Every structure is written in C-alpha cells, then in structure tokens.
Amino acid sequence: MRIHIQSEPRLATRFSHSLDEPSRNVSDLISVVRVAADAVDEATNILQRMRDLALQASNVNNAHSVRAAIQEEFTALCSELNRIAETTSFGGKTLLNGSFGSQSFQIGESSDETVVITLGNIRADSVELGGKKYVAENAVSPDWVVTTSTNLSLHYINKHGEATSITLQTKQGDHLENVATYITAQTDDVQAFVGEDGKLQIFASTHKVKGEITIGGNLGTEIGFGAARDVTIEDSDLTSTGGAQQAMAVIDDGALEAVDCQRAALGALRQRQPLVHVINSLGSIDKQVATAEDRIADIAAARESTDLTKSQMLARAAAMVLAQARQSPSSVLSLLH
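Computed from a prediction, not measured in an experiment: that's the story for all the values here.

(A) View of the overall build of the protein chain. What the protein chain contains, in helices and strands, is seven helices and 11 strands. Put simply, the protein chain has 337 residues, and 39% of those count as buried. Entry remark: accessible area of the protein chain is about 18,300 Å², with carbon and sulfur atoms responsible for 51%.

(B) Summary view of the pairing of strand β5 (residues 131-135). With four of five residues buried, β5 lies mostly within the body of the structure. Where β5 meets strand β11 (residues 229-231), three bridges bridge the pair, whose relative direction is antiparallel. Looking at β11, one finds that Gly 131 is bridged to Val 231.

(C) Highlighting the confidence of the model for the protein chain. Taken residue by residue, the protein chain gives an average pLDDT of 82. The fraction at 70 or more is 78%. Between residues 1-7, whose pLDDT stays under 50, and residues either more than four places distant or in other chains, the model counts 12 contacts.

(D) Representation of the pattern of salt bridges in the model. Under the criterion given, the structure shown has 11 salt bridges. The closest approach of N and O atoms between Arg 49 and Glu 73, which form a salt bridge, is 2.8 Å. With Arg 49 in helix α2 (residues 20-57) and Glu 73 in helix α3 (residues 64-87), this pair connects stretches of sequence that are 24 residues apart. Residue classification places Arg 49 among the partly exposed residues on the basis of a relative accessible area of 36%. Since its relative accessible area comes to 30%, Glu 73 is described here as partly exposed. Overlapping salt bridges bring together Asp 41, Asp 260 and Arg 263 as one network.

(E) Representation of the nonpolar core. With 46 residues, the main nonpolar core has Met 50, Ile 117, Leu 119 and Ile 233 as its most contacted residues. Put simply, the parts of the chain that give this core at least two residues each are α2, α3, β3 (97-106), β4 (114-121) and α6 (241-272). By residue number, the principal contributor to this core is α2, which donates 14 residues. The residues contacting Met 50, other than those within four sequence positions of it, are Phe 74, Leu 77, Cys 78, Ile 233 and Ile 251. The next biggest cluster of nonpolar side chains, apart from the first, holds 25 residues, and it includes Tyr 156, Ile 183, Ile 215 and Leu 219.

(F) Structural detail: the sheet that holds strand β6 (residues 151-158). Read across the sheet, three strands follow the order β7-β6-β10 without closing on themselves; strand pairing throughout is antiparallel. Every interior strand has two partners, whereas the edge strands, β7 (163-169) and β10 (209-216), have only one. Between one strand and the next, the sheet's axes are offset by a mean angle of 15°, whatever the strand orientation.

The rules behind each value
Residue positions are given per chain, counted from 1 along the sequence in the order it is written. Where totals are concerned, whole chains, interfaces and linings use all residues; where local detail is concerned, this predicted model gives features only for residues with pLDDT of at least 70, and gives and counts side-chain atom pairs only at 80 or more. With hydrogens and water stripped out, all remaining heavy atoms of the structure feed into the side-chain values. Secondary structure elements are defined from DSSP: runs of H or I of at least 4 residues count as helices, runs of E of at least 2 residues count as strands, and each element is numbered from the N terminus. A simple rule labels every residue: compare its accessible area, found with a 1.4 Å probe on the protein chains alone, to the largest value its type can have, and call it buried under 20%, exposed over 50%, or partly exposed in between. Each accessible area is a Shrake-Rupley estimate made with a 1.4 Å probe; only the visible protein chains count as cover when residues are assessed. Strand pairing is defined by DSSP finding a minimum of two bridges between the two strands. Values of pLDDT, which run from 0 to 100, indicate the predictor's confidence residue by residue. Contact criterion: two residues are considered in contact whenever any of their non-hydrogen atoms come within 4.5 Å of each other. In the sections that follow, a salt bridge refers to a side-chain nitrogen of Lys or Arg positioned within 4 Å of a carboxyl oxygen of Asp or Glu. Among the buried residues, those of types Ala, Val, Leu, Ile, Met, Phe, Trp, Tyr and Cys that are joined through side-chain atoms within 4.5 Å form a nonpolar core. To get an axis, fit a line to the C-alpha atoms, keeping to the stretch in contact for a helix; angles then go from 0 to 180 degrees between the N-to-C directions.

Right, here's the structure in full:
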C-alpha cells in the first residue's frame, strides 16, 4: 500500500512564496538606504569644504587672484556634487538627483505593510538646496543711516506650516550693516547681508520657509525690495565679498540643513537597523510556518500509518478465519473414520 501525505495547502503556499518576497524587498531597501547614506555623507563633506571656501572669500583683504583660485575650486566642487547626485544609483534607479522622489517598499504579507522612503535632490543647481533671495531695489551710500523710518516687518510661512510675523525696530543712526545684523539675529529662518553695491539682501532657504516672504514696514518700503529670486549653490560668485556672504547663507541655511535632514533620516534606518529586525521577524514567521507544516505532515503520516496497520490487521484476521473455515470439513471427516 502506498502512503500519500498532503500538508495544508495554505501553509505551503505561504511558506514558499509570501514570505520570501518581502524579505527580498527589505534587503533591497536596506541596500538603497546604505548606498544613498554613503553618498549623502560625502556630499556633506563637500558642502563643508565649500563653506570654508566661502568664509575665506569673505575676507576683504583677498587679492583678485586669490578669489579667482577660490572660485575655481568652488566650481569644481559643484561639479563633483552634481556627479555624485547623477551617478548614485541602485537597481537602475538614480537616487539623489530628484528623480527618485518617494518610493514604497512592500515589507510584509499584507498590502498595508509598506515602508515609504523619500530621497531629495542634492545637485548644486537644485533649489531644494538653495532658496529665495530678496534684493533691495535702492542702493544706499556708505554713510547712509536710519532716520525716521525705523521699522521693518517680515511675514512668511515657516517649515512647520505656521504663519510667522517678525517686526524689527531699528534705531536712528543705525547703518545698513546694523539692520542686516538685526534681521539675522531676530530669527533663524532668514539671513541678511549687504552686498558691495550697497543693497540690503535677505535670503530664506527652501528648507526653512515655504513660499515667499512679504517684506513691509516703513523702513522696508524706504529700502524697497524687489521680487524673490531663486538662488542655488551654483549661483554663488566668490569673487566678491557680497557673493561670498550669499554663498555662506545658501550653504548654511539651505544646503547643509537639507542634506543633514536627509542624512539623519537615512542614518536612523542604517544605524538602528529597524529593517534588519523586519527581516528577522519575517524569518521567524517563516520558521514557525515551516514547523507548523512539518507538524501537519507528521500528523498526516501518523494517520496514514494507523490506517495501514488497521488494514493489515483486518486482512490477517480475514485470512485466519478463511483458513479455519477450510480446515473444518477435514476435521469432521477424520472423526467419521
């Protein structure tokens, strides 16, 4: 007799397919995180060097040849940042040039068991690493001071989506550089500086301010600010003091803030390794499912073995009864003789 053992089909299907695919998906996600995190770490190193160059270029004592050399290295670093953004990829997908966006990875058996990862654009010409600049329409002379117009207001939406209003009260006799210092000290959301042309400039990074800033107050009206202009790292010109100060603002408030947030998110996944725990959990489920399937197979084998033994015992009993029945006539005949 041939024994045929059949395990629970739902467990067999789950064991062979449903848990293998999520494990592979999680492994792919871990690889994406590691590749992107390593690239973002290197981008941070580049941005730190670019900031050092901008700080060096802010020194008014630099000769033109020195500024030109600084600008040349700065431009080369911009190209390297772009190269990293365009060549960092996994599985045919470029990760850090803005094309990746938000991707959902299936990490479990059910449709709602997913992890969404978002990767930004770290190119030097990306507004994500830059922001908006507001330049005064009216240049002032070096001996300009605040007179009767003393208040300046800023209205904008911060990174938390909250409406923010700041009113700055200056003093009569303050120079334009004092006004820029007051604005920068008043809030962490914007930076102000004075260009070499005597124009007050305000920078707000995309990472800290959503949309545009409305500049008001009687001092704001007197200075007269133009429309917002998009500014990126690549727009920086370190051959002038004002351009170097703009580069510092863009790198400090825009690029480093954005890249650090991206690096922190990736680092949390890479260092604490919650995704590895997901794989371990799936492996544990796999093991338990396999154990359950083995138990079912053992029970089925025991049932088949019992049925076989029962059939064999019944067959033997029938054979014995038949043998006894055949011997009965012979016994009767022997008694008659």
